[in-house]
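Fold and contact review
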Amino acid sequence: MANLLYQQIEMLSREKHIEPEIVVSAIEDAMVVAARKYYKTEENLRGKFNAETGQVDVFSVLTVVEEVTDPKSEISLADAKKKNPGAEIGTEILTTKPIDVLGRIAAQTAKQVILQKVREAERDTIYNEYHTRVGELVTVIVKRAEGPDLIVDMGRTEARLPKREQSKLETYNIGERLRVVIKMVDRAAKGPQVIVSRGDASLVQRLFEMEVPEIYDGTVQIRFAAREAGERTKVAVMSRDKDVDPVGACVGMKGMRVQSIIRELRGEKIDIIPYSEETVAFAQKALSPAKVTRVQIVDPETKKLEVIVEDSQLSLAIGKKGQNVRLASKLIGWDIDIKSEEEKRREIEEQMTALTAPTTPLTALAGVGPKTIEKIEAAGITNVEKLAGMTPEQLMEIPGIGEKMVDKIYQAVNRFYEGGGEAAATASEAVENTDTLTEDAGTEAGAAGEAGTAEEASAAAHAGEQASEAGVVEAPEDADETAGQGEQARQGEQAPGAEQESEAKNENAGEAESAEGKSDAERPEEAKS
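So, a few notes on the structure that sits alongside this text. (Residues numbered from 1 in each chain as written. Predicted model: local features only at pLDDT ≥ 70, side-chain atom pairs only at ≥ 80, totals over all residues. Heavy atoms only, no water.)

1. So, the pairing of strand 13 (residues 292-299)
Taken together, the 6 bridges between strand 13 and strand 14 (residues 304-309) define a ladder with antiparallel strand orientation. Across the sheet, the residue bridging to Val295 is Val307, located in strand 14. Joining the antiparallel neighbours strand 13 and strand 14 is a turn of 4 residues, in which Lys303 adopts a positive phi near 55°. (Pairing = 2+ DSSP bridges. Helix = DSSP H or I, 4+ residues; strand = E, 2+ residues; numbered from the N terminus.)

2. Some remarks on the pairing of strand 14
Most of strand 14 is tucked away, with 5 of its 6 residues classed as buried. Where strand 14 meets strand 15 (residues 335-340), 6 bridges bridge the pair, whose relative direction is parallel. Looking at strand 15, one finds that Val307 is bridged to Ile338. (Buried < 20%, exposed > 50% of the residue type's maximum accessible area, 1.4 Å probe, protein only.)

3. Some details on a nonpolar patch on the surface
Side chains of Ile348, Met352 and Leu355 sit close together on the surface and give an oily, nonpolar patch of about 320 Å² of accessible area. With respect to the helices and strands, the residue Leu355 is situated in helix 12 (residues 341-356). Overall, the relative accessible area of 69% leaves Leu355 in the exposed class. (Patch = residues over 30% accessible without salt bridge, like charges linked within 9 Å, V, L, I, M, F, W, Y side chains within 5 Å. Areas by Shrake-Rupley, 256 points an atom, 1.4 Å probe, with all protein chains shown as cover. Salt bridge = Lys/Arg side-chain N within 4 Å of Asp/Glu carboxyl O.)

4. Description of the sheet that holds strand 15
With mixed pairing, 3 strands are arranged side by side in an open sheet as 13-14-15. Edge positions in the sheet fall to strand 13 and strand 15, since each has one partner strand and no second. Geometrically, the sheet is characterised by an average inter-axis angle of 25° between neighbouring strands, direction not taken into account. Packing against the sheet, helix 11 (residues 323-332) makes contact with strand 14 and strand 15, and its axis sits at approximately 140° to strand 15. (Axes fitted to C-alpha atoms, helices over the stretch in contact; angles between N-to-C directions. Contact = heavy atoms within 4.5 Å.)

Here it is in structure tokens:
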């Protein structure tokens, strides 16, 4: 019986890949749990497996002390000597607990404890073995499906192939052999704790190591790899020997090496790119097969690049659904912004237009005081165009600007754009120019009036009569208007009486003009007769 029980323990140990001592310890713990449940005691119990007899004994353990503080686990020296005359301070007194009375319920409890302990020991063994093998290439057999996930057999244990780690274009059958990489080992998982992957970029690296001897011996190194499983992979390689072409070594003669990897990945495209320490050169190569015109580093801290390509190369550089640029960005570790030459040209034109566009100073806003303008300018807003593009919340963030002032500012801006802005400023300038011209004309007319003589006036009258006889009709109102403008320029604002007198003179001049006009009209009649 003893040999049969121990044989069962050894067989279980080999099956679960755990030590026999772990199984024995599980049996001892199970018997202790069953005994405590049966006796309903809180005593310190201990189990002991006898390999010769196959018997599991349960003992109550008491520690010998001078003064007892916990009767459940301690015993005085005097009481200990009654049970064991050789007892001393610190020794343990073992009292056997009968287990033949435990019954069926206790046996079921012991069985559950044994299974739990063995399972925990098995999981610990698997974790200790596989957590150091993450990234290793292994061959597995598809065992069964659990929802979208697959359970695969690794030989010693089962592993899980989740849906997210499967290739998009692959389908799997029960019993099919697959090459996978160990992605991680999850100690807290309820089911299989080893997670394997068919979609990780490390699978491509391991396959290249198997197919390319130069990679296996370290002459050629795979620096980076980016992959979208089932569609495309980009691999950056470099050579430690200047006489060895890294790309040619990976491709092989007539493409034999890379073709075998493509077959393993079931038709997935692979781009092999030479690695470069210079970010600009590396980015140009990473975007292959597209031809890049220019690469510019926009922000080295946040790792942003701007790539310019020809208009015909833009779609090729971006790839299907952005795949090419996305993989290139993963490969080099920088954010890539691709633009065509036409887009870049338009962008530069817009920037130049914005720089050369005229701006209106804040002083052109009617209804906004100088103190408010100073506060706005202190916040870095120096023109009306920039002010109009701000939200009320942004304006209220300026120190000294409240809700009422924000309303005033917006009303002033609206008036400016409705016609009270540049048009009003232009009109005011025109008025100032007109006033200046009027003052100059009045000054000249006044000087001419003061310098005029009676002889000049009579000569002018004589010239007028000669012109009338020749049939030329002069417009006397022009002279009157000029004289009137000069008089107004000299005297400024006239009194109401002066205005009436001026109007009377104009009326007399008008009557004289009509009379002269009539006489001129009659003269041709007389000439005919």
